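Residue strings, one per chain:
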Amino acid sequence: MKNIGLIMLFSLLCYTSFAQTEEKPAAAIAVEPTFVGGTEGMMNFLSENIKYPKEAIESNTSGRVYVSLVINEAGKVIEVEILRGVSNSLDLEAIRVCEKMPNWNPARDGDGNAVKSEVKLPIAFTLD
């Protein structure tokens, strides 16, 4: 079987968030949501949980899938949406693994209250 390499691109500059509440404007977020364990924890989670789809291997499909995650006030991933996909199999795998994510540290407003927010995350699938 081919040796499969999986690269997940995650950078503090690669994701953005915004408040989803009607009471608070987007600028109300004082603290961005973070994956528990930080960037290294995110990379480990993705590398341990993403399974490169057989269909994508057979068709030699690779690329970067951009996903949008909504993190609620409790830190739970409640919505996953493909912003820009590569193929059905890679897009579905990106959705599957994001929906499986453990709770995040939620975004906080200026008063320290947890608020719903969106995170945009690129996930790169590459074959070696």
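As a reminder, the structure under discussion sits directly above these lines.
Residues numbered from 1 in each chain as written. Predicted model: local features only at pLDDT ≥ 70, side-chain atom pairs only at ≥ 80, totals over all residues. Heavy atoms only, no water.

1. A word on helix α3 (residues 88-99)
- Along its twelve residues, α3 runs 16 Å from first to last C-alpha, staying within 8% of the 16 Å computed at 1.5 Å per residue.
- If you check which residues of α3 are buried, you get S89, L90, D91, E93, A94, V97 and C98.
- Its buried side turned inward, α3 meets α1 (38-49), α2 (54-58), β3 (63-71), β4 (77-84) and β7 (117-125). (Helix = DSSP H or I, 4+ residues; strand = E, 2+ residues; numbered from the N terminus. Expected span 1.5 Å × (residues − 1). Buried < 20%, exposed > 50% of the residue type's maximum accessible area, 1.4 Å probe, protein only. Contact = heavy atoms within 4.5 Å.)

2. Remarks on the pairing of β3
- Judged from the nine bridges that link them, β3 and β7 form a sheet pairing that is antiparallel. What sits directly across from L69, in β7, is V119.
- Counting the residues that bridge the hairpin from β3 to β4 gives five residues, and of these G75 lies at a positive phi of roughly 90 degrees. (Pairing = 2+ DSSP bridges.)

3. Thoughts on the packing of α1 against α3
- Where α1 contacts α3, the axes come no closer than 10 Å and their chain directions differ by 125 degrees. Classified by the angle their axes make, α1 and α3 are oblique. Between α1 and α3 lies a crossing whose hand is right-handed. Along the contact surface, α1 presents F45, L46 and N49, while α3 presents E93, R96 and V97.
- In the contact of α1 with α3, the residues fall into three nonpolar, one polar and two charged. (Axes fitted to C-alpha atoms, helices over the stretch in contact; angles between N-to-C directions. Parallel < 35°, antiparallel > 145°, perpendicular 65-115°, else oblique. Left-handed = near helix turned anticlockwise from the far one by under 90°. Nonpolar A, V, L, I, M, F, W, Y, C, P; charged D, E, K, R; others polar.)

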